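Reading the structure
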Amino acid sequence: PLKLGIMASGSGSNFEAIAQAIANHDLLAQLQVMVYNNPTAKAAERADRLGIPKVLLNHREFSSREVLDAAIVDVMRDHQVDWIIMAGWMRVVTNVLIEAFPRRILNIHPSLLPSFPGANAIERTLAAGVKITGCTVHIVELEVDSGPILMQAAVPVLPDDTLETLHQRIQSQEHRIFPRAIALAAVQFGD
Ligand code: GAR
């Protein structure tokens, strides 16, 4: 099985979808640990309920992005992680993390990259008036939301969409493709 380490900042619904895919035997993997940076993240409650070890690394307590990333590397190594899954991780990562896990870090982003990289992607999607958006799973490289694309799903933008309704429609596709993209990454980039 693939040994996964999750990084989450918020609700953790993608984390739970991955856990569910593993429980259903749709993904041959195991969740070693969940790292989160935000003390109030709902993802922490999910980890407890799912019985997965969780480690809080509050970015406010670290002197730089690099020092935070070094702590993440330590936790992932301590838990024998082979693949890092950024499931709603809202911090920019540095070469300290990327060089420790080359081509072994996956991210999900709520747009059809390379459109709308960066923060507030869904707000900017709505503001731009595009009619089709979606989500992207890609291998993490240094430039934010760049790196080889593994899988995408398209989602319509409906006339009455708000941030919440569109995010919900995108997230149901995220939950579907993220487990599949992890399996694909292991085939395409695993050795
Ligand atoms: C997801 O929709 C993900 O695409 C987005 O945050 C959400 C996390 O949801 N990620 C980013 O915006 C990355 N910059 P979750 O915590 O319920 O999985």
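Residues numbered from 1 in each chain as written. Predicted model: local features only at pLDDT ≥ 70, side-chain atom pairs only at ≥ 80, totals over all residues. Heavy atoms only, no water.

So, on to the site of the ligand. Taken together, 13 residues lie near the ligand, and Ser-11, Gly-12, Ser-13, His-167 and Glu-174 sit nearest. Between the ligand and Gly-12 there is a distance of 2.7 Å, counted from an oxygen atom to a backbone nitrogen or oxygen. Within the side chain of Gln-171, an N or O atom sits 2.9 Å from an oxygen atom of the ligand. When the free accessible area of the ligand is taken as 450 Å², the share hidden by the protein chains comes to 90%. Most atoms of the ligand, that is more than half of them, are within 2 Å of grid points of the largest pocket. (Near = heavy atom within 4 Å. Polar contact = N/O pair within 3.5 Å; in protein donor to acceptor, adjacent residues only side chain to side chain. Areas by Shrake-Rupley, 256 points an atom, 1.4 Å probe, with all protein chains shown as cover. 1 Å grid on protein atoms, 1.4 Å probe; cavity = no way out; pocket = protein on both sides within 12 Å on 5 of 7 lines; lining within 4 Å. Sits in = over half its atoms within 2 Å of the grid points.)

Time to look at the pattern of salt bridges. According to the stated counting rule, one finds 4 salt bridges in the structure shown. Between Glu-16 and Arg-49 there is a salt bridge, with its nearest N and O atoms 3.0 Å apart. One end of the pair, Glu-16, is in helix H1 (residues 13–23); the other, Arg-49, is in helix H2 (residues 42–50), with 33 residues separating them in the sequence. The salt bridge partner of Asp-48 is Lys-54, with a shortest N-O separation of 2.9 Å. Connected via shared salt-bridge partners are Glu-16, Arg-46 and Arg-49. (Salt bridge = Lys/Arg side-chain N within 4 Å of Asp/Glu carboxyl O. Helix = DSSP H or I, 4+ residues; strand = E, 2+ residues; numbered from the N terminus.)

Taken as a whole, the chain shows an average pLDDT of 97; of its residues, 99% reach a score of 70 or greater. Model confidence for the complex: the whole-complex pTM is 0.97, and ipTM, which rates the interface, is 0.98. (pLDDT = per-residue confidence, 0-100.)

Attention now goes to the packing of helix H5 (residues 121–128) against helix H6 (residues 163–189). Look at H5 against H6: their axes get within 10 Å of each other, and the N-to-C directions meet at 115 degrees. Judged on the interaxial angle alone, H6 and H5 are roughly perpendicular. For H5 against H6, the interelement crossing comes out right-handed. Counted together, Ile-122, Glu-123, Thr-125 and Leu-126 of H5 and Leu-163, Leu-166, His-167 and Ile-170 of H6 form the full contact between these two elements. Its residues placed into classes, the contact of H5 with H6 shows 5 nonpolar, 2 polar and 1 charged. (Axes fitted to C-alpha atoms, helices over the stretch in contact; angles between N-to-C directions. Parallel < 35°, antiparallel > 145°, perpendicular 65-115°, else oblique. Left-handed = near helix turned anticlockwise from the far one by under 90°. Contact = heavy atoms within 4.5 Å. Nonpolar A, V, L, I, M, F, W, Y, C, P; charged D, E, K, R; others polar.)

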